[in-house]
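A closer look at the structure
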Amino acid sequence: MSRFTVHDLAATIDARAATGGEASYTRKLLDKGAEHCARKLGEEAVETVIAAIGNDRDHLVAESADLVFHLLVLLKSRGVKLEDVEAALEKRTSMSGLEEKASRKRD
Ligand SMILES: N=c1c2ncn([C@@H]3O[C@H](COP(=O)(O)OP(=O)(O)OP(=O)(O)O)[C@@H](O)[C@H]3O)c2ncn1[C@@H]1O[C@H](COP(=O)(O)O)[C@@H](O)[C@H]1O
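This report concerns the structure included in the present document. If you're wondering where the values come from, they're calculated on a predicted model, not measured in any experiment. (Residues numbered from 1 in each chain as written. Predicted model: local features only at pLDDT ≥ 70, side-chain atom pairs only at ≥ 80, totals over all residues.)

Considerations on the overall build of the protein
Our working rule: Per the convention used, a helix needs a DSSP run of H or I reaching at least four residues, while a strand needs a run of E reaching at least two, with both numbered from the N terminus. Each residue is represented by a C-beta atom placed from its backbone, and any two residues with such atoms within 7 Å are regarded as in contact.
Check the secondary structure of the protein and you find six helices and zero strands. Dimensions of the protein, computed from the C-alpha atoms along their principal axes, are close to 45 × 35 × 30 Å. Expressed as a percentage of contacts within the protein between residues at least 6 apart in sequence, the contacts between residues at least 24 apart total 50%.

Overview of the nonpolar core
Cut-off, in case you're wondering: Each nonpolar core consists of buried Ala, Val, Leu, Ile, Met, Phe, Trp, Tyr and Cys residues. Their C-beta atoms, within 7 Å, join them into a set. Counting other C-beta atoms within 10 Å of a residue's C-beta gives its exposure: the residue is buried at 20 or more, exposed at 12 or fewer, and partly exposed in between, where C-beta atoms are placed from the backbone.
In terms of nonpolar packing, the biggest core is built from nine residues, these being Ile-13, Leu-29, Leu-30, Cys-37, Leu-41, Phe-69, Leu-72, Val-73 and Leu-74. Elements represented by at least two residues in this core include exactly α2 (25-31), α3 (34-53) and α4 (57-77). Residue contributions to this core peak at four residues, all from α4. When residues no more than four places from it in sequence are discounted, the contact partners of Leu-29 are His-36, Cys-37, Lys-40 and Val-73.

A word on the site of the ligand
For the record, the criterion: We call a residue near a molecule or strand when its C-beta atom, built from the backbone, sits within 6 Å of it. Ten residue types, Ala, Val, Leu, Ile, Met, Phe, Trp, Tyr, Cys and Pro, are classed as nonpolar, four, Asp, Glu, Lys and Arg, as charged, and the remainder, Gly among them, as polar.
In the vicinity of the ligand, the residues found are Leu-9, Thr-12, Arg-16, Ser-24, Tyr-25, Thr-26, Arg-27, Glu-43, Ala-65, Asp-66 and Phe-69. Counting residues per element, the ones that place at least two in the shell around the ligand are α1 (6-17), α2 and α4. Looking at side-chain class alone, the shell around the ligand contains four nonpolar, three polar and four charged residues.

What to know about unusual backbone geometry
Within the chain, Asn-55 stands out as a residue other than glycine whose phi angle is a positive 55°. Within the fold, Asn-55 resides in the loop between α3 and α4. Taking the number of C-beta atoms within 10 Å as the measure of exposure, Asn-55 has 8 and is therefore exposed.

Some details on the environment of Glu-44
Counting through the fold element by element, Glu-44 comes out in helix α3. Assessed through the 19 C-beta atoms surrounding it within 10 Å, Glu-44 is described here as partly exposed. For the pair Glu-44 and Glu-63, spaced 19 residues apart in the sequence, the C-alpha separation amounts to 6.8 Å. Those residues in contact with Glu-44 that sit more than four places away from it in its chain are Glu-63, Asp-66, Leu-67 and His-70.

A closer look at the packing of α3 against α4
Applied cut-off: Angular values range over 0 to 180 degrees, each being the angle between N-to-C directions of two axes fitted as lines to C-alpha atoms, with helices fitted over their stretch in contact. By definition in this entry, angles of less than 35 degrees are roughly parallel, angles greater than 145 are roughly antiparallel, angles of 65 to 115 are roughly perpendicular, and the rest are oblique. Each crossing gets its handedness from the near helix: less than a right angle anticlockwise from the far helix is left-handed, clockwise is right-handed.
Orientation of α3 relative to α4, taken along the N-to-C sense of each, is 160°, at an axis distance of 8 Å. By the criterion of interaxial angle, the relationship of α3 to α4 is roughly antiparallel. The way α3 lies across α4 gives a crossing that is left-handed. Residue-level inspection shows Ala-34, Cys-37, Ala-38, Lys-40, Leu-41, Glu-44, Ala-45, Glu-47, Thr-48, Ala-51 and Ala-52 of α3 in contact with α4, the latter providing His-59, Leu-60, Glu-63, Ser-64, Asp-66, Leu-67, His-70, Leu-71, Val-73, Leu-74 and Ser-77.

Given below as structure tokens:
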């Protein structure tokens, strides 16, 4: 099993954000701003949905990798850390998904 994690990828994205843009796709995305990063995430989400509906496992894995990469770049563009998302997920572990959904309706 791969030991590479999304934290490793987030660290690479942090490093690319701090360096020159010419040779870095990440830095080019960040230089175009959060709205561009958000649109790219939307495109990758649609491509992931198409791969899932097509029931093509390898295509779904590849598109999911693109999706996760673009989500991390979008978070970086808005100054949100992966740890912030993990903390939000951790809070939800105390209740079921259905309970969490019901609590949102009460807000
Ligand atoms: N994981 C990824 C990754 N996943 C997807 N992509 C790129 O995301 C793009 C998405 O596909 P599209 O079909 O939308 O690409 P495109 O039409 O060329 O994109 P645009 O010109 O529209 O932006 C492709 O160019 C992919 O190469 C990634 N680019 C970089 N990484 C990681 O980021 C690291 C740093 O990359 P650089 O910033 O380029 O050094 C790499 O070593 C990888 O680990």
